[in-house]
Each structure stands twice: as structure tokens, then as C-alpha cells.
Amino acid sequence: MLKCVLKKKTIEILKLRKQFFFGSEIMDQSLLLNEILPNVEKPIRYLGNELNSIHKDWSVCKEKFAFVFPDIYEIGMSHLGMQILYEIVNDIQDFLMERVFSPWVDFEAELRNHQLPIYSLESFHPIIDFDIVGFTLQYELSYTNILNILELGNIPLLCEDRDESMPIIVAGGPCAFNPEPLVDFIDLFMLGDGEEVLPNLLRLHLEQKSSGKSKDDFLLAATALPGIYVPKYYDVKYLENGYIASITPNNKFVPNKIQKVIIKDINKFILRKPIVPFMDIVHDRIMLEILRGCTHGCRFCQAGILYRPVRERKLDNLLDAAELLVANTGHDDISLTSLSSADYSSIRELSTNLIEKYKTCGVSVSLPSLRVDTFSVEVAQEIQKVRKTGLTFAPEAGTQRMRDIINKGVTENDLIKTLEGAYRSGWTTIKLYFMIGLPYETDEDILGITELAQKMIWLGKRILKEEGIKKPLKLTVSVASFVPKTHTAFQWFAQNTREELHRKQMLLKDAFKTMKNVVYNYHDVNTSFLEAVFAKGDRKLGKVLLEAHQRGCKFDSWRDYFSMEKWMQSFAKCGIDASWYAYRELDYKDILPWDHLTSGVFTEFLSNENEKAKICALTADCREAGCVGCGACNNLESRMIINNREINYV
């Protein structure tokens, strides 16, 4: 019965498609219908042809780029960066960009069983047919999926094994700021905003290809472009103790350091017609990016460094973009997206305009990212007139001492004042995010999380009783394990051991047992450990990745498929101590694996922030207090754009 239902739905979608290509061969549709898709859980993941998808003539386009998101369709289609690049590249006449996602295990089994390659959703060409195949690196635990996709595409995993007929393999995204564990598999990395880096790279490749230049010619020429890192042109030498002795160019034409690229005016790029899936995805809504960057300076936060300086979009630009997005998608929610949405200088005017314009057609507005200190209950009341949901905040730590160490800039009074207003306005479902394993943390700081949660429960019950609100109160406390990230003030810090993190989790669990109205969630310490290993890792980890892939590791961020046993076997087989990477305290004088890649922020600024953390000293927000000397604006020859005005501190 299930196969019949799936087959019927699939046939309806296939009627929208005229041909399925595998290379130059037209695929037998009956094979897809009768033998493959009826056997998989969600066949619609693999069909494409969604609303606003772009199908360009393969035979006419001169440069063909496959964008690969190394996770399942529902997660990849929620990635705003992919949607933006999809429009930009396909708007260029001679260029073509198509999408590829990790197949779920059932569909992968069918592909292997029928000896079929992984393909793009737009034209059903295998990825080996593209000129360039690009991966986005959003999360370290997706690395084995990258190898799996290359294998499914019949592309040799190692760069050195690919000949001139093979596509160039590139990658970008936040993890590209320490790509060293992947350099055996990826030819080229892009650092910074992709809106300008990627088209420039594709233009160069087309020019080189048209001139009959080789792959090596292209890679060397690419190093002259801003933000491009080609690992083969850099030699890494090690000391006997495993530390890095030097990272030096082996070609006189490549730069000593590669600096990220940023878009100085993000108003130039307006997403107009994002692809609308036929199925539910993780973020099934309009994502309206209102600003890029963050000035708060949380010392654990990598994104706050990588996306500096802050650049706000103009209000008129956003209102025009929202009109296009509502008309072209049919979504009923506009999410005002950024690292800290309430920081947008015209947030009240923007939200009021959007609510008034779209409330009659049932389109709501949401703020997905809120800081306690910038949150306005009045704004929240406005934006949730159409559809009220829960509220989410991230105090990050349970004590003021710990919040000062991480430079959160939030007090307990801020949280009490904010939640009091929220409770009085009728909110009864609140989520709070915390971290454990932070630098210089004590058990008192850990238990401060439970004490703070208890105060919020007492506060909520008192206010709901005073207001006569009968709805039950629910507080969800989610606790993540801290992972030291590159290019942050805590990049030198040793992660807590798995045993210590587990002890802290159980300390909280025991404390929460007696508390009603609280749901306590925490992360797997094994995945946090592996994330730290690859976040701080070097080139030696490439052989571990290959070994883990050969042992069947994939979907490592999915609990049902993560195997710590296979990973530890892989490390042992390669003679590498994983703990050495995660638990090693680094010194300021050490050469770090990513030292030749820069976000524009001075290393001296980061080390100074770490020293300030030791004495609980705060660093002010540069929006309010002036330049704090991080170096981003000067090094990147850019300035903060706040309220349509360029902020120049120099």
C-alpha cells in the first residue's frame, strides 16, 4: 500500500519533468518510478522542480557549478547562503548553478544497488559532469558526508588522484577558516562572503578553460583573487612534539596570508525568488537578512568575528525585498534574520511596517535571534500579533561572573526584567540556552544555571497568577558543551574532557530533578569532542577522515548514525591521539594550523580578550563605546554601516 501511495505522488511530480539526465544518457523513468523512489522514505527530496527552481540549458551554459550541501535536503534547503548564491550565479548568462544534497541512507543504498551516481536536482546530471563542485562547510561533523558524496559521484577522494577531466573541488563557509583537515580532498577554499568571491572564481575558471589552461594553471591564477586559499601551495612543517614549526608558501606568486573577502554594501544583493520546496524543511519561511555581523564581542562566538564588521541593510531595501519574497513564495512567516536581530537600528519601524502590510493576509513576522539586553517586549508583542510562538533567549551562563568572563554583557536583572514583561504579555513557553565547559568555569557557575532557572519559574508563576493567566508555564533549558573555535578569544583553550563534561551534565540533571515546569536538554559529549578535534585540527587529520569514511562513518551529527567506536578505531589505526587536539592548551606563541588565514581581526586583540576573561573584565560594544581595536574595519578596508550611515572611528 505504501509503495502505491508513494508511486502515485511521485508520478504526479514526474509529469512536471520532461527528461532525466545521467551524463548524456536519458535515464529510464520507469527505473526511478518502479524500482527506486517507491523504496525510499521521502522521494520528493530527490526530484527537484520546486517553485522558483531554475533550469538553464546545459548545452548553452559555458560554466557549470554544482553547489553541494553535505546534509539532507531539509537542512540544506534551509540555508540562506545557498539561496542567495543560486540567484546570483544563475543570473549570469553563461553560468549555471545546480543543487546537490546528501542522500539519506535509503536512497544512497538504491543508488549503489543500481550503480547510479549522485546527481543535481535541476538537470539530473552527475556531479562529475560539472566544471566546479563546491561544498559549503557549516559544521565539522559533516566532513565524512563530503567524502561520501564524492564517492557517490565517482570522483576520486584525494586531490592528487584526480586528472584534468575531473571537476575542480572547492569549499567555503565558516569551517573554511580552518580547512586543514580537508586539504587532501579539496582543491581550493574561499574565505568570506560568497556573493562576490564565487562569481569571480567562476569567471576566472571559464577564462582559463577557454584559453586551454590546465587545472594547475587555474589554481595558481586563483591565488591572485582575494579570499582564495589553495593548500597545495603551502608547506606545513612540524616539530618532534607534533606542534607546527612553520607554514610557508612554496610558490613565490602566492600570498603569505589569505584574508577573507566581505561585501561592503549588502544592499546590492536582494534575494527575490528563493526556491520553495514541496515538503516541510527545517526553516520553512521567508528569511529576510536584515544585517550581517555582530558587535557584542562574546568571546566564545566564532560568527561574531568571522562576519565583522556590522553592515545593516537599508529599511527601504528590506521592505522592497519583503514584498518580492511574499509575492514569490507564498510563505506565511517572515523571519528577520541576523546574528542579533534586535540590534537592527530600525527594528521597530521595520517590524511595524511589515506587520501592518501583511497581517490581513496571514503573514507573521518573527525574530529568531534575541539577546536579553536588547529585547523589547513591546516589539515582540507587535511581531506576534498574527501568530504567537514561544520566546528563546541565550543567557549562555548561570552566574554573572561567568557571563562577564565570556563578555556576554547581560545581567540577571536584564533577564528578570525581560521575562517579567514577557510573562505579563501572555507568554508561557520560554527557552533558555546555556553552555557548560566554558573557560575558567567552576561548579558554582554550573549550578547557577539551575538557580537562575528556578528564579524564572518562581517569577513566571507569580506573574501569571497576578495576571489571571491560566495557561501552564513551561521553561526549556538547553545546555550545550563548549567547543573552542578558531579565530576567537578562546581558540587557545583546552576543551573539558568528555568525562568532565558528562559529570557537569549529571550535576545539572540531579539539580533539575526536583524542579517542576522545567525541561532539561543536553548534548552528546562524544560529538562535542569530535567537533573540537576537527575545529582545531591540522593536515594530519585527513588520513583519519579517510579511514573513518572507509569504516562507514557518515551523518555524524545524527545520533542514530554516529559511531564513536568507529571514530576511535580510525584514530588508532592512523596512530593519532584525538585527545591531543581537543584537550591541549595552546600558547600564544604557538603556530596554529589556521595562522595563515585571517578574518581581519588582529590575533593580538583575541589574546588580549582572553586575558581580560581571566579577570572578568568586559569589552564594550563598539556601536556604543567607539572602536575597541579589533582591526576588522581597517584590515578589510570597510566600515560598519549603521542606520544608513558609515561609522568611521579612524
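What you are looking at is a predicted structure, and each value in this text was computed from that prediction instead of being measured.

Novice: Even after reading the chapter, I still don't get the overall build of the protein chain, so can you show me in this structure?
Specialist: Tallying secondary structure elements over the protein chain gives 23 helices and 23 strands in all. Taking 26 Å as the expected radius of gyration for a compact globule of 650 residues, we find that the protein chain reaches 25 Å, a close match to that expectation. On the principal axes, the C-alpha backbone points of the protein chain span a range of 70 × 65 × 50 Å. Counting only contacts in the protein chain whose residues sit at least 6 apart along the sequence, the fraction spanning at least 24 positions is 78%. Of the accessible surface of the protein chain, which amounts to about 26,600 Å², a share of 50% is contributed by carbon and sulfur atoms. Here the protein chain contributes 78 positively and 87 negatively charged side chains, and the mean placements of these two sets differ by 4 Å.

Novice: Would you explain the sheet that holds strand S18 (residues 429-436) in this entry?
Specialist: Two pairing modes exist for strands in a sheet, parallel and antiparallel, and in both the strands are linked by backbone hydrogen bonds. One open sheet holds the four strands; their spatial order is S17-S18-S19-S20, and the pairing between them is parallel. A strand with exactly one partner marks an edge of an open sheet, and here the two such strands are strand S17 (391-396) and strand S20 (518-522). When strand polarity is set aside, the average angle formed by the axes of neighbouring strands in this sheet is 20°. Pairing geometry for S17 and S18, over four bridges, is parallel. Looking at S18, one finds that Phe 393 is bridged to Leu 432. Contacts between helix H16 (residues 498-512) and the sheet are confined to S18, strand S19 (474-481) and S20, with S20 contributing the most and set at about 170° to the helix.

Novice: How should I be thinking about helix H15 (residues 443-467) in this particular structure?
Specialist: Residues lying three or four places apart along an α-helix face the same way, a consequence of the helix completing one turn every 3.6 residues. An ideal rise of 1.5 Å per residue puts 36 Å on 25 residues; H15 measures up with 36 Å between its terminal C-alpha atoms. Remark: Gly 468 follows H15 within two positions and exhibits a positive phi of approximately 70°.

Novice: What am I meant to see in unusual backbone geometry here?
Specialist: Excluding glycine, residues mostly have negative phi values, and the peptide bonds linking residues are mostly trans. Backbone torsion omega between Arg 308 and Pro 309 reads -10°, so that peptide bond is classified as cis. With respect to the helices, strands and loops of the structure, Pro 309 is situated in the loop between helix H9 (303-306) and strand S14 (311-312). Although it is not a glycine, Phe 124 adopts a positive phi angle of roughly 60°. Mapped onto the secondary structure, Phe 124 falls in the loop between helix H5 (105-113) and strand S5 (132-136). Take Phe 124: its relative accessible area is 0%, and that puts it in the buried class.

Novice: Can you help me understand the pattern of salt bridges in this one?
Specialist: A side chain with one charge may pair with a side chain of the opposite charge, provided their charged atoms come close. Counted under the stated rule, the structure contains 45 salt bridges. Where Asp 91 meets Arg 272, a salt bridge forms, and the shortest distance between an N and an O atom there is 2.4 Å. One end of the pair, Asp 91, is in the loop between helix H4 (80-90) and strand S4 (95-101); the other, Arg 272, is in the loop between strand S11 (258-259) and strand S12 (286-289), with 181 residues separating them in the sequence. With a relative accessible area of 34%, Arg 272 lands in the partly exposed category. Measuring nitrogen to oxygen at the nearest pair gives 3.6 Å for the salt bridge that ties Lys 408 to Glu 396. Of the two residues, Lys 408 sits in the loop between helix H13 (400-405) and helix H14 (412-424) while Glu 396 sits in strand S17, which places them twelve residues apart along the sequence.

What counts and what doesn't
- Residues numbered from 1 in each chain as written.
- Predicted model: local features only at pLDDT ≥ 70, side-chain atom pairs only at ≥ 80, totals over all residues.
- Heavy atoms only, no water.
- Helix = DSSP H or I, 4+ residues; strand = E, 2+ residues; numbered from the N terminus.
- Rg over C-alpha atoms; globule rule 2.2 N^0.38 Å.
- Contact = heavy atoms within 4.5 Å.
- Areas by Shrake-Rupley, 256 points an atom, 1.4 Å probe, with all protein chains shown as cover.
- Lys, Arg positive; Asp, Glu negative; His and termini not counted.
- Charge placed at Lys NZ, Arg CZ, Asp CG, Glu CD.
- Pairing = 2+ DSSP bridges.
- Axes fitted to C-alpha atoms, helices over the stretch in contact; angles between N-to-C directions.
- Expected span 1.5 Å × (residues − 1).
- Buried < 20%, exposed > 50% of the residue type's maximum accessible area, 1.4 Å probe, protein only.
- Salt bridge = Lys/Arg side-chain N within 4 Å of Asp/Glu carboxyl O.

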